[in-house]
Structure formats: structure tokens, C-alpha cells
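Structure at a glance
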Amino acid sequence: MPTLDYRDKIAVLDLGADENRFSPDFLDQVEAHLDTVLTDGAQGLVTTASGKFYSNGLDVNWLGANSDRAEWYVARVQALLARMLTLPVPTAAALPGHAFGAGAMLAIAHDYRVMRADRGYFCFPEVDLRIPFTPGMAALIQAKLAPKSAVASMTTGRRFGGVDAAAYDIVDATAAEGAVTDSAVALLAPLAGKDPGTLGAIKNTMYATAVTALTA
């Protein structure tokens, strides 16, 4: 269950201690916490997790049982990705463990990423699962990664450890066990106080193509 806490004026959203898959209830809770972050006037947002997963992405069990709602479900997931991409506060994903598929996309949608150096993988497994990226998901990844990194991550199914992910600029920094969230908070601290209206407008302009694709 996602929970929200604060480090001074930096909000810390813990996605939970299990695989943190994107069930509809999970999406509702995360969206509600994002509403609170903005209402409270937080000056930054860090998302993290308590277990060995940051997020394993789509809830395939729910999707398998509700295949008639697949289009609605994917739209819900993409709406969250678009919202995180343009959130009007500085954002950082603190990855203490695995980030796969849509969970990795959520991390990519943040402004910055910090990953544990010695454990966990960042992976887009779609090519091996025979699931092509939606236009919106592809646009999101390509908006945030250099072409070399996008090819390496999107077309191979490669599992990047923290050091490899940093070498490909998929993450901005690595940290030791127990220090990932602290490092992400420290990364955002100097950015506190940015005007939300201005920052939100800049992000919406920067990522207009990806947002349009995600919300089409």
C-alpha cells in the first residue's frame, strides 16, 4: 500500500513492500497521494519502495481477469505516466530494487533517478514478452533517454544493474543499500522553491509530444 511522508518540504511516496504492480486500486492511491503532495505545497517529490521491488509494472493478473477493460486500464496507466512527467515540482525516483516494464517507465517519467548500486535491475522486458510498446510509452522513453540508451533498453530486454544503468544515463546516480532515498532527497533539496506554475508549464512544453501520445 502506498504511503506518504515528508522530509522537511520534500514529499516521499513509498509505493509499498511487495511487487507494487499497477492495480486499479494502486493507481487510485498513488493519484490521491499526488493530489495531496500538490495541495500541501511540497517542494519536491521522491518515490521509492520498501521491499526488493520499486515496481514490477502492470498488474497482469488483473488484466487477465478483465481483458474487456484493457483499453481503459492502459489509458489509466498512461495518464499516471503523463502526470508524473509533467508534475509541477522536482521529482526523483529512488530505486532500492527491481523496476520492470511500466514500473521502469514510472521511474523514467521522473526528473531524476537514483538506483541502488549493488542490487536490483532496471528493465524493459517487452521485446522478450512479445508485447510492443504503445506509442505513448515509446514516446515517453525516447523523450527521456538518448537514442543509444533507448535502443539498448527498448530493443534488447537487457537487465541493467545500477552501475550499468548509470553508464547508459538511465539513472543519474547510484547509492549504497539504505542510502538510495536519502540520496534522492539530497538531489532535490537544492531545487526547492521553484514556482509550480512555471515549472509545470516548462515540463508540459518540453514533453508535449510524449504527453500527447500518452493521453491520446
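Details of the structure are given in the entry above.
Described below are features of the structure shown in this document. Everything numeric here is computed off the predicted structure, so don't read it as measured data. (Residues numbered from 1 in each chain as written. Predicted model: local features only at pLDDT ≥ 70, side-chain atom pairs only at ≥ 80, totals over all residues. Heavy atoms only, no water.)

Of the pockets and cavities examined, the largest pocket occupies roughly 300 Å³. Forming the walls of the largest pocket are 18 residues, and the residues nearest its centre are Leu58, Ala102, Glu126, Leu129 and Ile131. Residues of the lining of the largest pocket, tallied by class, amount to twelve nonpolar, four polar and two charged. If you trace the second largest pocket, you find 15 residues lining it, with Ala49, Pro96, Gly178, Val180 and Thr181 closest to the centre. For the lining of the second largest pocket, the element with the highest residue contribution is helix H9 (residues 180-188), accounting for three residues. Residue composition of the lining of the second largest pocket, by class: four nonpolar, five polar and six charged. (1 Å grid on protein atoms, 1.4 Å probe; cavity = no way out; pocket = protein on both sides within 12 Å on 5 of 7 lines; lining within 4 Å. Points joined across faces, edges and corners; volume = space filled by probe spheres on them. Nonpolar A, V, L, I, M, F, W, Y, C, P; charged D, E, K, R; others polar. Helix = DSSP H or I, 4+ residues; strand = E, 2+ residues; numbered from the N terminus.)

With parallel pairing, three strands are arranged side by side in an open sheet as E4-E6-E8. Only two strands of the sheet have a single neighbouring strand rather than two, namely strand E4 (53-55) and strand E8 (122-123). Sheet topology places E4 next to strand E6 (residues 98-100); two bridges connect them, and they run parallel. Each residue of the ladder has a partner; that of Phe53, found in E6, is His98. (Pairing = 2+ DSSP bridges.)

All told, the structure shown has six aromatic pairs when counted by the stated rule. Arranged with centres 6.1 Å apart and planes meeting at 85 degrees, the rings of Phe124 and Phe133 form a pair that is edge-to-face. For the pair formed by Phe124 and Phe133, the shared burial category is buried. Between Phe160 and Tyr168 the ring centres are 5.3 Å apart and the planes differ by 70 degrees, which places this aromatic pair in the edge-to-face class. Through a chain of ring-to-ring contacts, three or more aromatic side chains come together here, namely Trp62, Trp72 and Tyr73. Cation over ring: Arg69 sits above Trp72, and NZ or CZ is 4.2 Å from the ring centre. (Phe/Tyr/Trp six-rings, centres within 6.5 Å; stacked < 30°, edge-to-face > 60°. Buried < 20%, exposed > 50% of the residue type's maximum accessible area, 1.4 Å probe, protein only. Lys NZ or Arg CZ within 6 Å of the ring centre and 35° of its normal.)

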